[in-house]
Amino acid sequence: MTPLRPLHEAWTVRSAGGDIQAPATVPGCVHTDLLAAGLIPDPYLDDNEVRLAWIGRTEWCYETDFTWDGTEHERTDLVCEGLDTVAVIELNGVRVGETANMHRSYRFDVRHALRIGNNRLTVTFGSAMEYAERLKEELGDRPGAYTQPYQFIRKMACNFGWDWGPTLVTAGIWRPIGLHEWSGARIAEVRPLVTLGDGAARVDVHVEVEKAGAVEVTAAIKGSSGRVVIPEGRSEAVITLEVPDPDLWWPRGYGEQPLHELEVTAGEDVWRREIGLREVSLRTEGGAFTLAVNGVDVFVRGVNWIPDDCFPTRVDRDRYAARLTQACEANTNLIRVWGGGLYESEHFYDLCDRLGLLIWQDFPFACAAYPEEEPIRTEVEAEAREQVARLSRHPSLVLWCGNNENIEGYADWGWQEPLQGRSWGGHFYLELLPSIVAELDPTRPYWPGSPYSGSMDLPPNDPGHGTMHIWDVWNERDYTVYRDYRPRMAAEYGFQAPAAYATIRRAISDDPLLPDSRGLLHHQKAVDGNLKLAAGLKPHFPVPETFDDWHYLTQVNQARAIQLGVEHFRSLWPHCAGSVVWQLNDCWPVTSWSAVDGDGRKKPLFHALRRAYADRLLTVQPRDGGLALVAVNDTGRPWRASAKAVRHDFDGTPLAAQALALDVPPRAAVTVPLATSVAEPGDPASELIAVELIAVEVTAVEVTAVEVTAVEVTEHHGALSGAGPGDAAEQADGLPGGAGDAGGPAGGPPVGRALWFFAPDRDLRLPEPRYDTAAEPAPDGLRLTVTARTLLRDLAVFPDRLDPDAEVDDQLVTLLPGERVEFLISTAGLDERALVRAPVLRSVNEVVTR
């Protein structure tokens, strides 16, 4: 069987009128081709986006010539793995195919149109915007969150703009294209479905073959093999393989991620891929929404994923690896692929398999009523069948979800009146998609949408059932309101902040740079976004006087908001079985809810998320009119430790203390009430609580699965930093740096500490900041040591203000008097005087004490 012959060379792109022409890169898209040719400015800079809207309303013709020397094979197919989106394909002037779906591949028999010698392949892309507008007229308007008609075309919805993304309606050959010559039989599809039982893994290998006559099919994995003959007139077969005593695939933090090669043959055609052996289930009894892998319940420490670039071909394996590694560094264990984006590339799913990152995959429907009529219905079914089959081999994929917020929109956003009985997508989410998953991959759970409560008779965003999205916080209410919610699964919640300073300066040329300067406002896509940032600051901080203060305080506020929410939801385990923060990443430089900005720089939120998602967490929470310490142990080992809760004056003087004994079973959360003497302040404006580990009992007993009914728990500040899930050192004692080490560097803040302040910063009598600094060379950069002479709240260093390539290993560290912290900065040669001054080195103290 011959491999695919890529047709990726010598392409050109031209506008329909022929007035614009340029060399083209395939795979790619028209925007990147025009940008590479110098014909358009970078759409990510300043407000260039608005001057490029014409591209999405233009017809574009891609063309290449190639030679063909004939073949003895029975078939020659043109394989198009991804065309974006409305395309006509011609070979030597013969129309061989048409497409209207970015989310699927196409295969066309082109033998009849090929010539010996030179051949010309032409792919003409109509305007996706005009196609969607035409269908909107034909099928009738449908309500949605935005005015653009993205629900009328099977294309990445956020191409049409979102509250974090630009409107850049693309066109092009966005995935590989080539010729495939074959004879006899071709393996069209393999679906390896894994179940566990009786100490073995069963792999039902579903094989679909395109062929003329009978063909023998074989399958083999880890020494187990089988064969079957598919007779003439049939195209499918199932071979069942059994793997005794299997090495199971686990999520990160629960075990290893072994992968095993599965080989399938049909005649001369061979299919080889790696699969993982594991079983997944979703418990929904009593309103629960709890994922279990290999029978072990998992608390979801998740983030939402959007396309990492508006132009997806720029996201290669290295970029996926960088972003997913950041997700692991933030101690997450699940990525939700959001419904306004894509089915991602094989690189994404393969990396998640290897990293142990679970995937919650939305079908691509988001924030709108979708028509169910033709031609949309046929395209939806075709793409769903292809993608469910394609992704079935990936152990990381644990959940299919029908849509993002469309059921909520239909029920609660006033859609029913303007719909006037027209279809809205309900048939897709409640009938078509679940039937496809049940047919093609019954080993994975399906959920109709998010938010969704498990029944159309319940409010879709009911906190007591299924998944919940919490957006009154950020849009209308202070982030402390997170504590009012007891969701079963917090599937979306977030808080905005601007991008890193270096990212803003690369993308925006405003001078002076202000929160409301023209370029920065253009890169704020949320309705009233800056007003909401100001409203979010108001309960906590004085009004910022400068851009630098605004930038720092909004980033602090974002980090605090999400840390409070994450710790609260974790404290509710097992009632709440997960937190999926909106959002991990950005697709361009923008003020948004992300932890990692559009240039890949980590915002302070990233570091807060890393602490809040640590395997073992201490957090002080309001409970029953008082305060309590909640100890969360998301490891497979018991956690036994001694701790001390101390109420301090801001000058470090201890005012009251309480000894605490922690005994937390594996995968559990335990609440310990704080004594009134500690929990009630004498002067709320000048006191805080610090809870610190003072001794840890080391256990060598590994507990794989323990059923625990945890004591109910909740809220804020303090986490164990250090090793991520699955790290052997961390699982031994809950602390980085070795067994029993309950503190950080000498004189530094203990790594196992939870903090509680009794009032917002604007009402605190924080001291004017006093500290000593020392900078010295370190491997691959610089070590900055800060020693506190006063309480320092949310100390942060922003080295990217001095060197855009500089990164720091931590942010937002609170120090008591006499403590110190070391920041490792990944570049040398910085101006050390500037490094230890504002706006590079910051603390909240300096803002509130002016």
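For clarity, every value in this text was computed on a predicted model and none was experimentally measured. (Residues numbered from 1 in each chain as written. Predicted model: local features only at pLDDT ≥ 70, side-chain atom pairs only at ≥ 80, totals over all residues. Heavy atoms only, no water.)

## Digging into the overall build of the protein chain
(1) Moving on: When you go through the protein chain residue by residue, the secondary structure sums to 18 helices and 46 strands.
(2) Moving on: A globule of 850 residues ought to have a C-alpha radius of gyration of about 29 Å, and the protein chain, at 28 Å, matches this closely.
(3) Moving on: Over its C-alpha atoms, taken along the principal directions, the protein chain stretches across nearly 90 × 65 × 60 Å.
(4) Moving on: The burial tally for the protein chain puts 62% of its 850 residues in the buried class.
(5) Moving on: Across the protein chain, the fraction of contacts at a sequence separation of at least 24, relative to all contacts at a separation of at least 6, is 71%.
(6) Moving on: A total accessible area of about 30,000 Å² is found for the protein chain, and carbon and sulfur atoms account for 48% of it.
(7) Moving on: If you average the places of the 79 positive and of the 125 negative side-chain charges in the protein chain, the two averages end up 1 Å apart. (Helix = DSSP H or I, 4+ residues; strand = E, 2+ residues; numbered from the N terminus. Rg over C-alpha atoms; globule rule 2.2 N^0.38 Å. Buried < 20%, exposed > 50% of the residue type's maximum accessible area, 1.4 Å probe, protein only. Contact = heavy atoms within 4.5 Å. Areas by Shrake-Rupley, 256 points an atom, 1.4 Å probe, with all protein chains shown as cover. Lys, Arg positive; Asp, Glu negative; His and termini not counted. Charge placed at Lys NZ, Arg CZ, Asp CG, Glu CD.)

## As for the pattern of salt bridges
(1) Moving on: In the structure shown here, the tally under the stated rule is 63 salt bridges.
(2) Moving on: Across the pair Arg191 and Glu189 runs a salt bridge, and its minimum N-O distance is 3.0 Å.
(3) Moving on: For Arg640, the salt bridge goes to Asp663, with nearest N and O atoms at 3.4 Å. Taken together, the residues span a long stretch of sequence, with Arg640 in strand β35 (residues 639–649) and Asp663 in strand β36 (residues 654–664) at a distance of 23 residues. (Salt bridge = Lys/Arg side-chain N within 4 Å of Asp/Glu carboxyl O.)

## Focus on helix α4 (residues 346–355)
Working note: α-helix, 3.6 residues per turn, so residues spaced by three or four point in the same direction.
(1) Moving on: Buried within α4 we find Phe348, Tyr349, Asp350, Leu351, Cys352 and Asp353.
(2) Moving on: Immediately downstream of α4, the backbone of Gly356 shows phi near 80 degrees, a positive value.

## What about the sheet that holds strand β45 (residues 820–825)?
(1) Moving on: Strand order across the open sheet formed by three strands is β41-β42-β45, with antiparallel pairing between neighbours. Two strands lie at the open edges of the sheet, namely β41 (771–778) and β45, each paired on one side alone. On average, each strand axis in the sheet is tilted by 20 degrees relative to the strand beside it, whichever way the strands run.
(2) Moving on: In this structure, strand β42 (residues 781–788) lies alongside β45, joined through six bridges in antiparallel fashion. Bridge assignment links Thr785 to a residue of β45, and that residue is Glu822. (Pairing = 2+ DSSP bridges. Axes fitted to C-alpha atoms, helices over the stretch in contact; angles between N-to-C directions.)

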